[in-house]
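Next come the chains, spelled out residue by residue.
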Amino acid sequence: MVDATHIGLTGGVGSGKSTVAALWVEMGATLIDADALARSATTAQGAAIPAIVQAFGAEVLTIEGALDRDKMRTLAFSDPDARSLLESIVHPWVGKLITQAANDAKTQGANCLLFDIPLLVASAHWRTQLWRVCVVDCLPSTQIARVVQRNGLDPADVQRIIDAQTSRTERLKAADAVIFNDGIDKTELALRVREIATQFGL
């Protein structure tokens, strides 16, 4: 198993983090996507589903038996205790899946692991596991505009999502490098990603 570089990637909703992650992958990084792993744990027959049903009841599931993310999002925003309870169920599973995915990638020879973790700054655990942290940043108004266009949400709902996330100030404090993804095209964004990736040893 090789000793791969561990890079953390984070950013607020609508920051363009997924686009940046894809650019890192094009450069040779192996992506460990916490959101994708969380979804796998909450699909029908997912590892976290039994505990979720025990905590919230079957009404938070879809007909297929997966977590109904829209229902759960509504409940979490209206009830902070519900959100904390859901996180206490899902996060340990996601942590196990991230560790397994990273070990598998290193066994296969990956030399740079990119951990895309929305809650990276909020969790002291992750900062100790990472060599460098890259934050994708943009103006809050840009976040709202992008998510409204992408998901069709009401601007007020997007603002509530932003408010529930780690603050922009806290994310920037945690950054070893910042990609300001606002008012630029993908070509310029790719140049900025390449510059930082090179500085980080990719």
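Residues numbered from 1 in each chain as written. Predicted model: local features only at pLDDT ≥ 70, side-chain atom pairs only at ≥ 80, totals over all residues. Heavy atoms only, no water.

Next up on the list: the pairing of strand β1 (residues 5-11). With 7 of 7 residues buried, β1 is to be regarded as a mostly interior element. Every second residue of β1 is oriented toward a common face, with Thr5, Ile7, Leu9 and Gly11 on one face and His6, Gly8 and Thr10 on the other, all of them buried. Here β1 runs beside strand β3 (residues 112-116); their pairing, made up of 5 bridges, is parallel. Its bridge partner being in β3, Thr5 is matched across the sheet by Cys112. Two strands pair when backbone bridges link them, and β1 and strand β4 (residues 132-137) are joined in this way by 5 bridges, in the parallel orientation. If you follow Gly11 over to β4, its bridge partner there is Val136. (Buried < 20%, exposed > 50% of the residue type's maximum accessible area, 1.4 Å probe, protein only. Helix = DSSP H or I, 4+ residues; strand = E, 2+ residues; numbered from the N terminus. Pairing = 2+ DSSP bridges.)

Within the chain, Gln45 stands out as a residue other than glycine whose phi angle is a positive 70 degrees. Here Gln45 lies in the loop between α2 (34-41) and α3 (49-56). A relative accessible area of 77% means that Gln45 is categorised as exposed.

Residues Val158, Ile161 and Ile162 constitute the buried set of helix α8 (residues 155-164). Along α8, the residues classed as buried sweep out an arc of 100 degrees about the axis, all on the same side. Looking at the buried side of α8, the elements it contacts are α4 (69-78) and α7 (140-151). Its side-chain oxygen placed 2.8 Å from the backbone nitrogen of Ala156, Asp154 serves as the N-cap of α8. (Arc of directions from axis to C-beta. Contact = heavy atoms within 4.5 Å. Polar contact = N/O pair within 3.5 Å; in protein donor to acceptor, adjacent residues only side chain to side chain.)

Let's shift gears to the side chain of Asp68. Within the secondary structure, Asp68 is located in the loop between α3 and α4. It turns out Asp68 is buried and unbridged, and the closest side chain with the opposite charge, Lys71, is 4.2 Å from it. There is a polar contact of 3.1 Å between the side chain of Asp68 and the backbone nitrogen of Lys71. In contact with Asp68, not counting residues within four places along its chain, are Val60, Leu61 and Thr62. (Lys, Arg positive; Asp, Glu negative; His and termini not counted. Salt bridge = Lys/Arg side-chain N within 4 Å of Asp/Glu carboxyl O.)

Look at α7 against α8: their axes get within 9 Å of each other, and the N-to-C directions meet at 125 degrees. The angle between the axes of α7 and α8 places the two elements in the oblique class. The two elements α7 and α8 cross, and the hand of that crossing is right-handed. Across from Pro140, Gln143, Ile144, Val147 and Val148 in α7, the residues of α8 making contact are Pro155, Val158, Gln159 and Ile162. Here the contact of α7 with α8 is composed, by residue class, of 7 nonpolar, 2 polar and no charged. (Axes fitted to C-alpha atoms, helices over the stretch in contact; angles between N-to-C directions. Parallel < 35°, antiparallel > 145°, perpendicular 65-115°, else oblique. Left-handed = near helix turned anticlockwise from the far one by under 90°. Nonpolar A, V, L, I, M, F, W, Y, C, P; charged D, E, K, R; others polar.)

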